[in-house]
Amino acid sequence: MPLVTSKEMFKKAYEGGYAIGAFNVNNMEIVQGITEAAKEERAPLILQVSAGARKYAKHVYLMKLIEAAIEDTGLSICVHLDHGEDFEICKQCIDGGFTSVMIDGSKHPFAENIKLTKQVVDYAHSKGVVVEGELGKLAGIEDDVNVSEKDAAFTDPDQVEEFVKTTGVDSLAIAIGTSHGAFKFKGEPRLRFDILEEVQKRLPGFPIVLHGASSVMPEYVEIINKYGGQMPGAKGVPEEMLRKAASMAVCKINIDSDLRLALTASIRKHFAEKPGDFDPRQYLSPARQAIKEVVRHKLVHVLGCNGKD
Ligand code: G3H
Ligand code: 13P
Ligand code: ZN
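Numbering of residues starts from 1 in every chain and runs along the sequence as written. Chain letters and ligand numbers both follow the written order, the letters beginning at A and the numbers at 1. Only residues with pLDDT of at least 70 are given local features in this predicted model, and only at 80 or more are side-chain atom pairs given and counted; all residues enter the totals for whole chains, interfaces and linings. The side-chain numbers reported here are obtained from all heavy atoms of the structure, hydrogens and water having been left aside.

> Could you clarify how one ought to interpret the site of ligand 2 in this entry?
Neighbouring residues of ligand 2: 15 residues in total, closest Asp82, Lys184, Ser214, Asp256 and Ser257. Throughout this description, a polar contact denotes any pair of N or O atoms lying within 3.5 Å of each other; where both atoms belong to protein, one of them has to be capable of donating a hydrogen while the other can accept it, and for residues adjacent in sequence the pair is counted only when both atoms sit in side chains. Here an oxygen atom of ligand 2 and a side-chain polar atom of His83 are 3.2 Å apart. In this structure, Ala213 approaches ligand 2 through a main-chain N or O atom, which is 3.2 Å from an oxygen atom. Taken by itself ligand 2 offers 310 Å² of open surface, and the protein chains cover 96% of this. In this classification, the charged set is Asp, Glu, Lys and Arg, the nonpolar set is Ala, Val, Leu, Ile, Met, Phe, Trp, Tyr, Cys and Pro, and all remaining amino acids, among them Gly, are polar. Of the residues contributing to the shell around ligand 2, the split by class is two nonpolar, ten polar and three charged. Each residue is tested against the molecule or strand, and it is near if at least one of its non-hydrogen atoms lies within 4 Å. Only the protein chains shown count as cover for residues, with accessible areas throughout obtained via the Shrake-Rupley method and a probe of 1.4 Å.

> Teacher, can you tell me more about the pattern of salt bridges here?
In a structure, side chains of opposite charge can pair up when their charged atoms sit close to one another. Salt bridges, as used here, are contacts in which a Lys or Arg side-chain nitrogen is within 4 Å of a carboxyl oxygen on Asp or Glu. The full count for this structure, using the stated rule, is 22 salt bridges. One salt bridge in this structure joins Lys292 and Glu36, with 3.8 Å as the shortest N-O distance. Within this pair, whereas Lys292 is found in helix H13 (residues 280-303), its partner Glu36 is found in helix H2 (residues 28-41), the two being separated by 256 residues in sequence. The residue Glu161 makes a salt bridge to Arg202 at a minimum N-O spacing of 3.9 Å. Residue Glu161 is found in helix H8 (residues 157-167), and its partner Arg202 is found in helix H9 (residues 193-202); the two are separated by 41 residues along the sequence. Only protein chains enter the accessibility calculation, which uses a 1.4 Å probe; a residue is then buried when its area is under 20% of its type maximum, exposed when over 50%, and partly exposed in between. A relative accessible area of 25% places Arg202 in the partly exposed class. Helix and strand assignments follow DSSP, with helices taken as H or I runs no shorter than four residues and strands as E runs no shorter than two, numbered in order from the N terminus.

> Help me understand the site of ligand 1 in this model?
Taken together, Asn24, Ser50, Asp82, His83, His180, Asp256 and Arg260 form the complete shell of residues around ligand 1. One nitrogen or oxygen atom from the side chain of Arg260 is found 3.0 Å from an oxygen atom belonging to ligand 1. Summarising the interface, the protein chains cover 66% of the accessible area of ligand 1, which totals 310 Å² for the free molecule. Considered class by class, the residues forming the shell around ligand 1 number no nonpolar, four polar and three charged.

> Got a minute to help me understand helix H4 (residues 59-73) in this structure?
For an α-helix the count is 3.6 residues per turn, leaving residues at separations of three or four pointing the same way. An ideal rise of 1.5 Å per residue puts 21 Å on 15 residues; H4 measures up with 21 Å between its terminal C-alpha atoms. Within the span of H4, buried status applies to His59, Leu62, Met63, Ile66, Ala69, Ile70 and Thr73. Along the axis of H4, the buried residues cluster in a sector spanning 120°; they form a single face. Facing away from the buried surface of H4 by more than 90 degrees, the exposed residues are Tyr61, Lys64, Glu71 and Asp72. Only heavy atoms enter the contact rule, under which two residues are in contact if any of them lie within 4.5 Å. Packing partners of the buried residues in H4 comprise H2, strand E2 (45-50), helix H3 (51-57), strand E3 (77-84) and helix H5 (87-95). Gly74 occupies a position one or two residues after H4 and carries a positive phi of about 80°. Expected helix span is given by 1.5 Å per residue-to-residue step, counting one fewer step than there are residues. Think of it as the arc spanned by the lines of direction from the helix axis to the C-beta atoms.

> Hey, could you run me through the side chain of Asn24 in this one?
With respect to the helices and strands, the residue Asn24 is situated in strand E1 (residues 20-24). Within the local environment of Asn24, its side chain forms a polar contact with the side chain of Gln48, the two groups lying 3.0 Å apart. Here Asn24 is in contact with Ile30, Ile34, Gln48, Ser50, Asp82, Ile255, Asp256 and Leu259, once residues within four sequence places are set aside.

> Explanation requested: unusual backbone geometry in the structure shown.
Leaving glycine out, the prevailing phi sign among residues is negative, and the prevailing peptide bond configuration is trans. One non-glycine residue, Arg42, lies in positive phi territory at about 50°. Note that Arg42 resides in the loop between H2 and E2. Positive phi is not limited to glycine here, since Val216 has a value of about 50°. Mapped onto the fold, Val216 is located in the loop between strand E7 (208-210) and helix H10 (218-226).

> Would you take a moment to explain the coordination of the zinc ion (ligand 3) for this structure?
In an ideal octahedron of six donors the angles at the metal are 90 or 180 degrees, and in an ideal tetrahedron of four donors they are 109.5 degrees. Protein ligation of the zinc ion (ligand 3) involves His83 (NE2), His180 (NE2) and His211 (ND1), the donor distances falling in the range 2.0 to 2.1 Å. Sequence positions of the donors to the zinc ion (ligand 3) reduce to the motif H-x96-H-x30-H. Of this pair, His83 sits in strand E3 while His180 sits in the loop between strand E6 (171-174) and H9, and the two are 97 residues apart along the sequence. With a relative accessible area of 45%, His180 lands in the partly exposed category. The rule for donors is simple: N, O or S, within 2.8 Å of the metal, or within 3.2 Å if the metal is Na, K or Ca. Water isn't counted, so a site may look like it is missing partners.

> Would you mind going over the packing of helix H11 (residues 239-247) against H13 with me for this structure?
Two elements in contact, H11 and H13, have axes whose closest approach is 9 Å; the angle formed by their N-to-C orientations is 65°. In this view, H11 runs roughly perpendicular relative to H13, as classed from their interaxial angle. Note on element contacts: H13 touches H11 through His297, His301, Val302 and Leu303, opposite Glu239, Leu242, Arg243 and Ala246. Only the contacting stretch of a helix is used when fitting its axis, a line to C-alpha atoms as for every element, and angles between N-to-C directions run 0 to 180 degrees. In these notes the angle categories are as follows: under 35 degrees is roughly parallel, over 145 is roughly antiparallel, 65 to 115 is roughly perpendicular, and the rest is oblique.

> How should the nonpolar core be read in this particular structure?
Across soluble globular proteins, you tend to see nonpolar side chains buried next to one another. To qualify as a nonpolar core, a set must consist of buried Ala, Val, Leu, Ile, Met, Phe, Trp, Tyr and Cys residues joined through side-chain atoms within 4.5 Å. If you look at the biggest cluster of nonpolar residues, it comprises 100 residues, and the most contacted ones within it are Phe23, Ile34, Leu172, Leu196, Ile208, Ile253 and Leu299. Counting residues per element, this core draws most heavily on H13, at eight residues. Leaving out residues up to four positions away in the same chain, Ile208 has contacts with Leu172, Ile174, Leu196, Val199, Leu203, Ala249, Val250, Cys251 and Lys252.

What follows is the structure, given as structure tokens:
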């Protein structure tokens, strides 16, 4: 089974009313935990690599780990650059074997975002690689922020057709109220499903991507806080909201923080119980297992992509 693009995965996900999990990878245990769960659940899979991950582990190590996982599990995997900020990093990843890249031009004005995204699309498509663009800036909804400021960060549905048509992107990340990290909402979690619906109307059949989609699973936050961590007020996107998004046009759901929390909770618990351990295999084995169980939970209960390989 090979490295694949997300093209077929998204087509089937859109038609089937489920979403593909895009999980961030940074080391061997994370790659193994995710791919073991995907294999057992027969799920299609996107592994994504950020600029920070490339800096930490080096491009070649991550690529080889993913190739090893493909050989070991027999899975087809899409390898994706997460939040590419310029043409150069996208080109490096395309030339270095990734099958998908994100060009995140969301911080630029609309016309500049289009120009940059189109430059990446032209190069990527000439090499058989697919591209995710982004419109709108991710932000949490805060009770004390007024409506016009809030709306400024959300994706403007009036812009999506022109953006997709002019750039030729294969998928589009939109901002509807999710945000990165473990502190997504100060008050009640709220997502702008009205914007998602409007985008879906303007782009029928087109795959939408949701970033910042960890649920910040309370069971792991609890363990972290119990064993010396300090994460009061950590809050994520409720699972039922993600399931709703997955049943709509959202075909790719990005999850990183929940993996970090599971891994950290496992290691904190391990050292609280066995303070004398100093063999990394003793604390990384249960950490890898924790990643596997989180991913299994997401595939089956949140994304609905189990059995869809
Ligand atoms: O969207 C960001 C991802 O969670 C990756 O985070 O840049 O710390 O690797 P990172
Ligand atoms: P979380 O921080 O919610 O896991 O989001 C990850 C993400 O969007 C990676 O691009
Ligand atoms: Zn993201």
